[in-house]
2 protein chains.
Amino acid sequence: MYEGVVQDLIDELGRLPGVGPKSAQRIAFHLLQADPADVNRLVSALTEVKAKVRFCVTCGNVAQAEECRICSDPRRDAALICVVEEPKDVVAIERTREFRGRYHVLGGAISPIEGVGPDDLRIRELMTRLASGEVTEIIIATDPNLEGEATATYLARLLRPMGLRVTRLASGLPVGGDLEYADEVTLGRAFEGRRLLDV
Amino acid sequence: MYEGVVQDLIDELGRLPGVGPKSAQRIAFHLLQADPADVNRLVSALTEVKAKVRFCVTCGNVAQAEECRICSDPRRDAALICVVEEPKDVVAIERTREFRGRYHVLGGAISPIEGVGPDDLRIRELMTRLASGEVTEIIIATDPNLEGEATATYLARLLRPMGLRVTRLASGLPVGGDLEYADEVTLGRAFEGRRLLDV
């Protein structure tokens, strides 16, 4: 339908997550008419990322050196490890400024449907980190969905016998949300996790 | 928040139309973890498009040569010109297989708010094409919104004194749509444009 190279670009853009055929077409035409300097900036950002970004040998987070900025920061508490699924979860938690420990990125969650088992995640690397005996608490911050919960349960069973304190992020009503719009599962969790008001 | 080069990529992706900060982050992390060959294909599609795609000297559509595939196709009727706003409109019309004439891409629509006047569109180029006297009908297929209608009216006033048949695509109810969900303007247009049922 389109001139060959335009169609190639639309196809490549359509492979990106969350970009449907219509958006791919819209982005392609935008780039076609864009200033070549803008397109060059995008091309070099893509090239740079693939050339320079590695994954931290310790925690699996994105890094520009052998270790990521968090693992190489001596001010971060090495006794606390927060286990997350993906590097973007690290960013979300860092934004809260609540957590002063370190991270461990699993690279996904257990999902029998998608054929992801414990061996496909960075669980062995986590066990290696625990061998030093420095860690006292593992906070499991996998997603509050089926796969994330399965992963949390699996990890808890694995880690508790090692005498570690294993915790899970609280589930409940989102702050600023509206009770009547909460789904039943979330509302049920909010009841289960209710806390005493000390006033 | 992110390692420098990752943030650069997120920023560049966020400049694309329809890509918000969350999608940009999602796409960036997808590319980070993607096979380098996939990223290379995207990079070369981008580079190729900027290197090879030009705009047809005749109609303004995207082209890989001096003229686009439609303008250089002798089977297309040179007596009919369909005027559209953007190259993507050409593709939408081609998909219908209803039109066997040629196109003229204006490069936008008249919009006083965005400071786009008739001189910013490829109207002068259209007049040059008409000088040959070969064209008998101009079908105005600008968008059925404020800017598109203003452009259609402007062109009609300009072209009609030249003795050309100037037509506009029909407005009305979308096929497969539901009458009760049609907005008043569309429904009003559908009444205005009602046709005699010859049964």
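Because the structure is a prediction, the values reported are computed rather than measured. (Residues numbered from 1 in each chain as written. Chains lettered and ligands numbered in written order. Predicted model: local features only at pLDDT ≥ 70, side-chain atom pairs only at ≥ 80, totals over all residues. Heavy atoms only, no water.)

A. Structural context of the packing of helix 1 (residues 4-14) of chain A against helix 3 (residues 36-52) of chain B. For the pair helix 1 of chain A and helix 3 of chain B, the least separation of the axes is 9 Å and the interaxial angle reads 150°. Here helix 1 of chain A runs over helix 3 of chain B; the crossing is left-handed. When helix 1 of chain A is examined against helix 3 of chain B, the residues Val5, Val6, Asp8, Leu9, Glu12 and Leu13 of chain A are found in contact with a partner set consisting of Asp38, Arg41, Leu42, Ala45, Leu46, Glu48, Val49 and Lys52 of chain B. Taken together, the residues of the contact of helix 1 of chain A with helix 3 of chain B break down into eight nonpolar, no polar and six charged. (Axes fitted to C-alpha atoms, helices over the stretch in contact; angles between N-to-C directions. Helix = DSSP H or I, 4+ residues; strand = E, 2+ residues; numbered from the N terminus. Left-handed = near helix turned anticlockwise from the far one by under 90°. Contact = heavy atoms within 4.5 Å. Nonpolar A, V, L, I, M, F, W, Y, C, P; charged D, E, K, R; others polar.)

B. The UniProt feature "domain: Toprim" (unreviewed entry) in chain A, seen in detail. On the UniProt side, "domain: Toprim" (unreviewed entry) is annotated at positions that read residues 79-174 of chain A here. In residues 79-174 of chain A, the share of helix is 33% and the share of strand is 20%. The end C-alpha atoms are 29 Å apart. (UniProt positions renumbered as here; feature names shortened; annotations may be inferred.)

C. Region of interest: the state of the cysteines. Under the counting rule described, the total for this entry stands at zero disulfides over all chains. The thiol of Cys82 of chain B is not disulfide-bonded; the next cysteine sulfur, from Cys59 of chain B, is found 11 Å away. (Disulfide = S-S within 2.5 Å.)

D. Region of the structure containing helix 6 (residues 146-159) of chain A. All names here are of chain A. For helix 6, which comprises 14 residues, the first-to-last C-alpha distance of 20 Å matches the rise-based estimate of 20 Å (1.5 Å per residue) to within 8%. Turning to helix 6, its buried residues number three or more, namely Gly148, Thr151, Ala152, Leu155, Ala156 and Leu159. Across the axial projection of helix 6, the buried residues extend over an arc of 135°, all falling on one side. Turned more than 90 degrees away from the buried face of helix 6, the exposed residues are Leu146 and Arg157. The secondary structure elements touched by the buried residues of helix 6 are strand 3 (77-84), helix 5 (123-130), strand 5 (137-140) and strand 6 (165-168). (Expected span 1.5 Å × (residues − 1). Buried < 20%, exposed > 50% of the residue type's maximum accessible area, 1.4 Å probe, protein only. Arc of directions from axis to C-beta.)

E. Molecular detail of the nonpolar core. Ranked by size, the top nonpolar core spans 44 residues in total, and within it Leu9 and Leu46 of chain A together with Leu9 and Leu46 of chain B carry the most contacts. Once you skip the residues sitting within four places of it in the chain, Leu9 of chain B turns out to touch Leu42, Ala45, Leu46 and Val49 of chain A together with Ala28 and Leu31 of chain B. (Core = buried A, V, L, I, M, F, W, Y, C linked by side-chain atoms within 4.5 Å.)

F. Molecular detail of the packing of aromatic side chains. Residue and element names in this part refer to chain A. Going through the model one piece at a time under the given rule, you end up with two aromatic pairs over all chains. Here the aromatic rings of Phe99 and Tyr103 are separated by 5.2 Å at their centres, their planes lie at 65°, and the arrangement is edge-to-face. Of the residues examined, Phe99 reaches a relative accessible area of 11% and is grouped as buried. (Phe/Tyr/Trp six-rings, centres within 6.5 Å; stacked < 30°, edge-to-face > 60°.)

G. Molecular detail of the sheet that holds strand 6 of chain A. Residues and elements named next belong to chain A. If you trace the four strands from one edge of the open sheet to the other, you get 4-3-5-6, paired in parallel fashion. Pairing within the sheet leaves two strands with one partner each, and these edge strands are strand 4 (101-105) and strand 6. Direction aside, neighbouring strands of the sheet carry axes that sit 25° apart on average. Relative to strand 6, strand 5 is paired through four bridges, and the arrangement is parallel. Across the sheet, Ile139 pairs through a bridge with Thr167, a residue of strand 6. Packing of helix 4 (residues 87-96) onto the sheet brings it into contact with strand 3 and strand 4, and relative to strand 4 it is tilted by some 155°. (Pairing = 2+ DSSP bridges.)

H. Broad picture of the sheet that holds strand 6 (residues 165-168) of chain B. All names here are of chain B. Ordered in space as 4-3-5-6, the four strands form an open sheet in which the pairing is parallel. Two strands close off the open sheet at either side, each with one partner strand: strand 4 (101-105) and strand 6. Along the sheet, successive strands turn relative to each other by an average axial angle of 25°, direction set aside. One ladder, built from five bridges, connects strand 3 (residues 77-84) with strand 4; its direction is parallel. Among the inter-strand pairings, Cys82 is bridged to a residue of strand 4, identified as Tyr103.

I. Spotlight on the relation of the copies chain A and chain B. In the superposition of chain A on chain B (RMSD 0.1 Å, axial shift 0.1 Å), the rotation amounts to 180°. Classification of the inter-copy transformation places it as that of a two-fold axis. Relative to the rotation axis, the closest C-alpha in chain A is found at Val43 of chain A, a distance of 2.9 Å. Comparing interface residues between copies, 100% of those in chain A also lie at the interface in chain B; the contact surface is shared. (Least-squares fit on C-alpha atoms with pLDDT ≥ 70 in both.)

J. The arrangement of the packing of helix 1 of chain A against helix 2 (residues 21-33) of chain A in detail. All names here are of chain A. Their axes nearest at 8 Å, the elements helix 1 and helix 2 cross at an angle of 130°. Judged on the interaxial angle alone, helix 2 and helix 1 are oblique. By crossing handedness, the relation of helix 1 to helix 2 is classed as right-handed. Between helix 1 and helix 2, the residues in contact are Val6, Leu9, Ile10, Leu13 and Gly14 and Ala24, Gln25, Ile27, Ala28, Leu31 and Leu32, respectively. Residue composition of the contact of helix 1 with helix 2, grouped by class: nine nonpolar, two polar and no charged. (Parallel < 35°, antiparallel > 145°, perpendicular 65-115°, else oblique.)

K. Highlighting the pairing of strand 5 (residues 137-140) of chain B. Residue alternation in strand 5 of chain B divides its side chains into two sets, Glu137 and Ile139 of chain B and Ile138 and Ile140 of chain B, and both sets are buried. Following the backbone out of strand 5 of chain B, through helix 6 (residues 146-159) of chain B and into the adjacent parallel strand 6 of chain B, one traces a crossover that is right-handed. (Right-handed = clockwise from strand over helix to strand, strands pointing away.)

L. Molecular detail of the confidence of the model for chain A. Of the residues in chain A, 97% reach a pLDDT of 70 or more, and the chain-wide mean stands at 90. The ipTM, which scores confidence in the relative placement of chains, is 0.73 for this predicted complex, and the corresponding pTM is 0.72. (pLDDT = per-residue confidence, 0-100.)

M. Local environment of the interface of chain A and chain B. If you look at the interface, chain A gives 49 residues, while chain B gives 50 residues. Taken together, the two surfaces of chain A and chain B that pack against each other cover about 4900 Å², and 70% of this comes from carbon and sulfur. If you look at where chain A meets chain B, you find two salt bridges. In this structure, Arg41 of chain A and Glu12 of chain B form a salt bridge, with 2.9 Å as the shortest nitrogen-oxygen distance. The tally of links from chain A across to chain B stands at 10 residue pairs in polar contact (both at pLDDT 80 or more). (Buried area = accessible area lost by both parts, 1.4 Å probe. Salt bridge = Lys/Arg side-chain N within 4 Å of Asp/Glu carboxyl O. Polar contact = N/O pair within 3.5 Å; in protein donor to acceptor, adjacent residues only side chain to side chain.)

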